[in-house]
Amino acid sequence: MLFVAMLVLVRGLLASSIPHQNDTLIDQFKAHKDSLLEGDTHSTNSTVQKLPEGQLETITLLKDLSQAFTTHLLEYKQDMSQTLRGLTAATQEISKMSQTFTTYLLEYKQEFEALQHKVFTLEANNQDKTDQLLMNLEIIQEKDNTIHIQQQIIHEQDNTIHIQQQTIQINNNTIHNQQQTIQEKDNTIHNQQQTIHKKDNTIHNQQQTIQINNNTINNQQQIIHEKDNTIHIQQQMIQNNNNTIHIQQEILQEKDNTIYNQKQNLQEKDDTIYNQKTNLREKDDTILNQQQILQEKGSTIQVCEAQVTQYTRQILRLDEETNNLERRLQNPSRRVVNDCEDVFREGGRESGVYTIYPNSSPAGVRVYCEVQEGRSWTVFLVRHRQTPQENFTRSWQDYKEGFGDLEGEHWLGNEKLNALTDGEKHYRLRVEATNLQGEQRYGEWQVFKVADEDNRYRLTLQQYNSSSSSLGDDLTYHNGQSFTTVDRDHDTAPFNCAAIRGEGGWWWGGEKGWFCGHAQPTSPLGNTDGDHHVMSWGYFTPGVNRWIGLSALKMALI
C-alpha cells in the first residue's frame, strides 16, 4: 500500500513540475503550424499584388520552394500526431496500473483491519501494542487521503502528458522499471498475505509480522527517495526540450517572414500575368470574330457550291432528256425506257443515275438503278450513315416530290412511285436491311403498287415470299394503308403515327387500327435495339418478334 502511495506521489510531482508556460508555447507553435498548413487565402490575395515584370522563372522557383516547405510541415505534423497518439496510449496504460495498485491497496487494507480486530480480541491486555496498531491505522488513513489527492493530480497529469513529446522514451523506461517494481511488490504482498494467514493461527507470530511490515515501509521510503531523484532529472530534460522548441519557433518565424516576402513577389507577378491574359483575351476575341467571319464566308461558299452542283445535275439531266427526245424523234419505233430494267436491256450495265420514262410519260424521271445478279433494280429508298445525314422529317409535299441525293440517302417521291407502278406492268418489292452488327438480310414481296394523290398514295403490298427471304415480313401489315406525314395524318391509329415513330413519312397503321406497325424505315438512325423512335425492323429474323435497330436499309422495284 505504501508503494502505491509512493507511485502516485511520484506522478503528482511529475505533473506539477511541468511549467505552464510550456503549454502556451506549444499551443502557439501548433496554431502557427496549422495556419501554415491550411493557408490563409485572404492574406494571400491581399498581399500578392506588387511584383515587378519579367521574373517568371523566379516565380516558379519561389512556388516550388513554398510547396516543398509546406510538404515538410505536413510531414512534421503527421510525425507529431503519431507521437501524441503513442503518448496517449502510454498514459492509458499508466492509468490502468494505478487502478490495479489501488485495488491491491484496498484489499490489503481490509485484511489488515481484520487482523487488527483479531489483535484487539486476543490481546486485550497488550495496550502498548494496541496503541501501535491504532497509530498504524491512522497512518493508513492518512495514506488513503494522500492517495485520493494523488489520484486527482494524476487526472491533471493526464491532460499535461500530451505535450511531453520528447520524454516518451524516458517515460517508457520508467514504466518498465515501475512494472518490475510492481512485480516485486506483488510478491511482497503475496508474502504478506501468507503472513496474515499464519497470524490467524497464532497470535505470537503477529509481532514478527508487524516488524516485517515496518521494514517493508522503510524500504519503500528509500525507493520513493530514489524516484524523486529520477523525476528531478526528467524535469531538467523537459526544460532542455522547451529551450529547443523555443529555438525552432524562432526559425519558423524567420521562415514566415521569407514566405511573406515571397507571396508579395508572387502577387506582383500574378498582376503582370493577369494583364498579359487580358491582352491575350482581347486578341482571342479579335481572332474569334475573324473566324466567325471566315466561317460565314465558308458557309456561303458551301451554299454556292451546292447550288452549282445542283445546277450541274439539272443541266446534265436536261442534256440527257434532250438527247433521249432527239433519239425518239429520229427513231419513233424505238422502245421507251420505262424503268431500270429497260435501262439494263438498253446497255446500262453499271449501277448509277439514269433517266427513265414511266408509262411512256414525256417527262423523264431521274432514278438510281442498281445492277445485281444480272438485273437492274429501280431504287426508291436508301438509308445509311453519311455526313451530313439526310433529314427524313419532311412534309407531305416533300414526300410527294422526293428529296435527297440519288447517289446517297433519298426518297424517290410518291408521284414517281405512282407513275412507275400504276400501269400495266407489275412490280415486286425488294428490301435489303443491315442490323447494327453488320448482318444483312433481304426480303421480297410479289405485289407492290402505289395509288395517286387523290387516293392518298394508298399502298398495295401482298404475297411475301417466305421461301426466298431471310428478312421477316414487317410490311404486309401495311397493305391498303394511306401515306402519312407529320403534317398529314391518314393512318388508322387514333394519333399521328409519324409524330411518335421518329417523324418520318410512311404507310403507317394497319388492320389493328391503333398499332402503327413493326417497320420504321424512315425514322432517324440510332445505335440501340428496342427503340421505337429510330430506324428498326420488328421481325428482323422471320418469326422472331424483337425490335432490331438498323444501320442501313434499301428498297427497290424489281
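You'll find the structure just up there.
Note that this is a predicted model, so its numbers are computed, not measured.

A. How the structure looks around the environment of Gly 505. For Gly 505, the location among the structural elements is in the loop between α11 (497-500) and β9 (536-537). Residue Gly 505 is classed as buried on the basis of its relative accessible area of 0%. In this structure, the C-alpha to C-alpha distance between Gly 505 and Asp 487, residues 18 residues apart in sequence, is 9.5 Å. Apart from residues lying up to four places away in sequence, Gly 505 is in contact with Phe 392, Tyr 399, Phe 483, Thr 484, Thr 485 and Thr 522.

B. Structural context of the state of the cysteines. Overall, the coordinates contain two disulfides when judged by the stated rule. Two residues share a disulfide in this structure: Cys 340 and Cys 369, whose sulfurs sit 1.9 Å from each other. Taking the torsion about the S-S bond as the criterion, the Cys 340 to Cys 369 disulfide, at about -75 degrees, is left-handed. In this pair, Cys 340 sits in helix α8 (residues 340-345) while Cys 369 sits in strand β2 (residues 365-372), placing the two residues 29 residues apart along the sequence. Classification of Cys 340 by relative accessible area gives buried; the value is 0%. Residue classification places Cys 369 among the buried residues on the basis of a relative accessible area of 0%.

C. Spatial organisation of the packing of aromatic side chains. Scanning the entire structure with this criterion turns up 15 aromatic pairs. Each ring, one from Tyr 399 and one from Phe 403, has its centre 5.1 Å from the other, and the planes form 90 degrees; the classification is edge-to-face. According to the relative accessible area criterion, Tyr 399 is buried, its value standing at 0%. By relative accessible area, Phe 403 is classed as buried at 7%. Ring centres of Trp 506 and Trp 507 lie 5.0 Å apart, and the angle between their planes is 70 degrees; this geometry places the pair in the edge-to-face category. Its relative accessible area of 2% is what places Trp 506 among the buried residues. Note on Trp 507: relative accessible area 0%, which makes it buried. Taken together, Phe 380, Phe 392, Trp 396, Tyr 399, Phe 403, Trp 411, Phe 448, Tyr 457, Phe 483, Trp 506 and Trp 507 form an aromatic cluster joined through their ring pairs. Sitting over the face of the ring of Tyr 442, Arg 430 holds its NZ or CZ atom 4.4 Å from the ring centroid.

D. Looking closely at the pattern of salt bridges. Within the structure shown, the criterion is met by 15 salt bridges. We note a salt bridge from Arg 345 to Asp 342, for which the minimum N-O separation is 2.6 Å. Remark: Asp 342 and Arg 345 occur in helix α8; sequence separation between them is three residues, near one turn of the helix. A relative accessible area of 43% places Arg 345 in the partly exposed class. A relative accessible area of 3% places Asp 342 in the buried class. Taking the shortest distance from any N to any O, the salt bridge between Arg 430 and Glu 444 comes out at 3.0 Å. Residue Arg 430 is located in strand β6 (residues 427-435), and its partner Glu 444 is located in strand β7 (residues 440-450); the two are separated by 14 residues in the primary sequence. Both residues of the pair, Arg 430 and Glu 444, count as buried.

About the thresholds
Residues numbered from 1 in each chain as written. Predicted model: local features only at pLDDT ≥ 70, side-chain atom pairs only at ≥ 80, totals over all residues. Heavy atoms only, no water. Helix = DSSP H or I, 4+ residues; strand = E, 2+ residues; numbered from the N terminus. Buried < 20%, exposed > 50% of the residue type's maximum accessible area, 1.4 Å probe, protein only. Contact = heavy atoms within 4.5 Å. Disulfide = S-S within 2.5 Å. Phe/Tyr/Trp six-rings, centres within 6.5 Å; stacked < 30°, edge-to-face > 60°. Lys NZ or Arg CZ within 6 Å of the ring centre and 35° of its normal. Salt bridge = Lys/Arg side-chain N within 4 Å of Asp/Glu carboxyl O.

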